[in-house]
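Residue-level structure breakdown
The lines below spell out each chain.
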Amino acid sequence: MIEKLFESTLWNGRFVVVVAVVASMAAATAIFYMATVDVVYLVSHMLHYADPVLTDEARKLLHDQTITHVVEVVDGYLLATFMLIFALGMYELFVSDIDQAHGSKTSSKILVIESLDDLKARLAKVILMILIVTLFEEALNMKISTPLDLMYLGGAIALIGAALFLTHKAESHSKETEHPGD
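In this text the structure is predicted, and so the values were computed from the model without any measurement.

Tallying secondary structure elements over the chain gives 6 helices and 0 strands in all. Secondary structure elements of the chain, listed N to C terminal, follow the sequence α-α-α-α-α-α. The buried share among the 182 residues of the chain stands at 24%. For the chain, the exposed area adds up to about 12,900 Å²; of that, 70% sits on carbon and sulfur atoms.

And the structure:
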């Protein structure tokens, strides 16, 4: 009797994950909101781009700032997506399957999490995309003053390329092991 009560308490303890799910969804919503507000401000500032009063230097500065802000917005949306995938994955793994996601053609298996490894793989891809966007943002702002700076940038780009290549190879390898006759 005590063992059944203890096991029942342990099993139902998994519902504490709902706290993380709700908090992650709230964080995702907040980050989506912030990124969208940034887009609204970005567009409002861009209305001045065609202003004939702007000098070439001011227009170039506005252009460079805009590109940087666009990259920041993409980064924000990727982070919000990360939190969304994390929340849905934790819910599916610890609480219950999301029936609407399994029955929906629009989910296209993106938000359906089958295992902890599946969740890790999806989150790793989003993290990789965030790293790529962050590298791009840093490269835009980087002042290359020495050949070593250029080597560092080239090395970072090569490492990102290698990470993308290995991710693609790992994904295609896992598909081959799932469907060997295809």
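The subject of this paragraph is the packing of helix α2 (residues 17-46) against helix α3 (residues 56-94). In the contact formed by α2 and α3, the axes pass within 8 Å of each other and the chain directions differ by 160°. The angle between α2 and α3 falls in the class roughly antiparallel. Crossing angle aside, the handedness with which α2 passes α3 is left-handed. Its residues assigned to classes, the contact of α2 with α3 shows 24 nonpolar, 7 polar and 1 charged.

This part covers the UniProt feature "transmembrane region" (unreviewed entry) in the chain. Sites flagged by UniProt as "transmembrane region" (unreviewed entry) map to residues 12-35, 76-95, 126-144 and 150-167. This span, residues 76-95, is 95% helix and 0% strand, and a straight line between its end C-alpha atoms measures 28 Å.

Attention shifts here to the packing of aromatic side chains. Counting across every chain of the model gives 1 aromatic pair. With a centroid separation of 5.9 Å and 40° between ring planes, the pair formed by phenylalanine 32 and tyrosine 77 is classed as tilted. One end of the pair, phenylalanine 32, is in helix α2; the other, tyrosine 77, is in helix α3, and 45 residues separate them in sequence.

Detailed conclusions should not be drawn from predicted coordinates in areas where pLDDT is low. Per-residue pLDDT for the chain averages 83, and the proportion of residues at 70 or more is 87%. No element of the chain has a lower mean pLDDT than helix α4 (residues 99-103), at 66, and none a higher one than α2, at 93.

So, on to the packing of α3 against helix α5 (residues 116-141). A packed helix pair is summarised by two numbers, namely the angle formed by the two axes and the spacing between the axes. Contact geometry of α3 with α5 gives a least axis separation of 10 Å together with a crossing angle of 170°. One way to sum up the angle between α3 and α5 is to call them roughly antiparallel. The residue makeup of the contact of α3 with α5, split by class, is 20 nonpolar, 4 polar and 4 charged.

The next thing to look at is the environment of phenylalanine 15. Following the sequence through the fold, phenylalanine 15 ends up in the loop between α1 (2-12) and α2. As a C-alpha pair, phenylalanine 15 and serine 96 span 81 residues in sequence and 9.9 Å in three-dimensional space.

Before going further, it helps to spend a moment on the side chain of arginine 59. Relative to the elements of secondary structure, arginine 59 occurs in helix α3. The contacts of arginine 59, once residues within four sequence positions are left out, are Tyr49, Ala50, Asp51, Pro52 and Leu54.

A word on the environment of threonine 68. Mapping threonine 68 onto the fold places it in helix α3. Residue classification places threonine 68 among the buried positions, given a relative accessible area of 11%. Spatially, the C-alpha atom of threonine 68 lies 6.1 Å from that of glutamate 137, the residues being 69 residues apart in sequence. Among residues more than four places away in sequence, those in contact with threonine 68 are Glu137, Leu140 and Asn141.

Analysis parameters
- Residues numbered from 1 in each chain as written.
- Predicted model: local features only at pLDDT ≥ 70, side-chain atom pairs only at ≥ 80, totals over all residues.
- Heavy atoms only, no water.
- Helix = DSSP H or I, 4+ residues; strand = E, 2+ residues; numbered from the N terminus.
- Buried < 20%, exposed > 50% of the residue type's maximum accessible area, 1.4 Å probe, protein only.
- Areas by Shrake-Rupley, 256 points an atom, 1.4 Å probe, with all protein chains shown as cover.
- Axes fitted to C-alpha atoms, helices over the stretch in contact; angles between N-to-C directions.
- Parallel < 35°, antiparallel > 145°, perpendicular 65-115°, else oblique.
- Left-handed = near helix turned anticlockwise from the far one by under 90°.
- Nonpolar A, V, L, I, M, F, W, Y, C, P; charged D, E, K, R; others polar.
- UniProt positions renumbered as here; feature names shortened; annotations may be inferred.
- Phe/Tyr/Trp six-rings, centres within 6.5 Å; stacked < 30°, edge-to-face > 60°.
- pLDDT = per-residue confidence, 0-100.
- Contact = heavy atoms within 4.5 Å.

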